[in-house]
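# Descriptive analysis of the structure
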Amino acid sequence: MTENNILKKITIANNLKHFEIKEIFELGGFEFSSSQIKAFMAGSQNKNYEKLSEEQFEGFLNGFILYSRGPVDEPTLLPRTIESFIIGLIES
């Protein structure tokens, strides 16, 4: 399955509009025009089809995380590995 197919499935499953997809790419560090986004969503047989690179797809996924939950400034809890390490130092 290609990155384009996965992108299409994610957008359909989450009922995302083209302007939302554009915003998600921008959050991931990529700026595309509406026509480029339509080219990513087009079928591989379409003359306007444009292949999505792995880096662009990764940017979309990172942007989608930010779009869905918002930015995380600071973790509120220590990760368990750090917490276990600190407890181990105290008990030694």
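Right above here is the structure, for reference.
Okay, so let's go over this structure.

### Observations regarding the overall build of the protein
Of regular secondary structure, the protein possesses five helices and zero strands. Taken from N to C terminus, the helices and strands of the protein fall in the order α-α-α-α-α. With 92 residues in all, the protein has 26% of them scored as buried. For the protein, long-range pairs separated by at least 24 residues make up 64% of all intrachain contacts whose partners lie at least 6 apart in sequence.

### Considering the nonpolar core
Ranked by size, the top nonpolar core spans 14 residues in total, and within it Leu7, Ile21, Phe25 and Phe60 carry the most contacts. Of all the elements in the fold, those that place two or more residues in this core are helix H1 (3-13), helix H2 (18-27), helix H3 (34-41) and helix H4 (54-69).

### Considerations on the packing of aromatic side chains
Counted according to the given criterion, the structure contains six aromatic pairs. Their ring planes at 45° and their centres at 6.0 Å tell us that Phe25 and Phe40 sit as a pair that is tilted. Of the two residues, Phe25 is situated in helix H2 and Phe40 in helix H3; the sequence distance between them amounts to 15 residues. Of the two residues examined, Phe25 and Phe40, each falls in the buried class. With a centroid separation of 6.0 Å and an interplanar angle of 10°, the aromatic rings of Phe60 and Phe64 are classed as stacked. With Phe60 and Phe64 both in helix H4, this residue pair falls four residues apart, about one helical turn. According to the relative accessible area criterion, Phe60 is buried, its value standing at 0%. By way of ring pairs, the aromatic residues Phe25, Phe30, Phe32, Phe40, Phe60 and Phe64 are connected into one cluster.

### Thoughts on the side chain of Asn4
Within the secondary structure layout, Asn4 lies in helix H1. Separated by 2.9 Å, the side chain of Asn4 and the backbone oxygen of Glu50 make a polar contact. One polar contact links the side chain of Asn4 to the main-chain amide nitrogen of Leu52, over a distance of 2.9 Å. When neighbours within four sequence positions are excluded, Asn4 is seen to be in contact with Phe40, Tyr49, Glu50, Lys51 and Leu52.

### Quick notes on the side chain of Glu20
The residue Glu20 is located in helix H2 in this model. Contact partners of Glu20, with chain neighbours within four places excluded, come to Asn15 and Tyr67.

Parameters and conventions
Residues numbered from 1 in each chain as written. Predicted model: local features only at pLDDT ≥ 70, side-chain atom pairs only at ≥ 80, totals over all residues. Heavy atoms only, no water. Helix = DSSP H or I, 4+ residues; strand = E, 2+ residues; numbered from the N terminus. Buried < 20%, exposed > 50% of the residue type's maximum accessible area, 1.4 Å probe, protein only. Contact = heavy atoms within 4.5 Å. Core = buried A, V, L, I, M, F, W, Y, C linked by side-chain atoms within 4.5 Å. Phe/Tyr/Trp six-rings, centres within 6.5 Å; stacked < 30°, edge-to-face > 60°. Polar contact = N/O pair within 3.5 Å; in protein donor to acceptor, adjacent residues only side chain to side chain.

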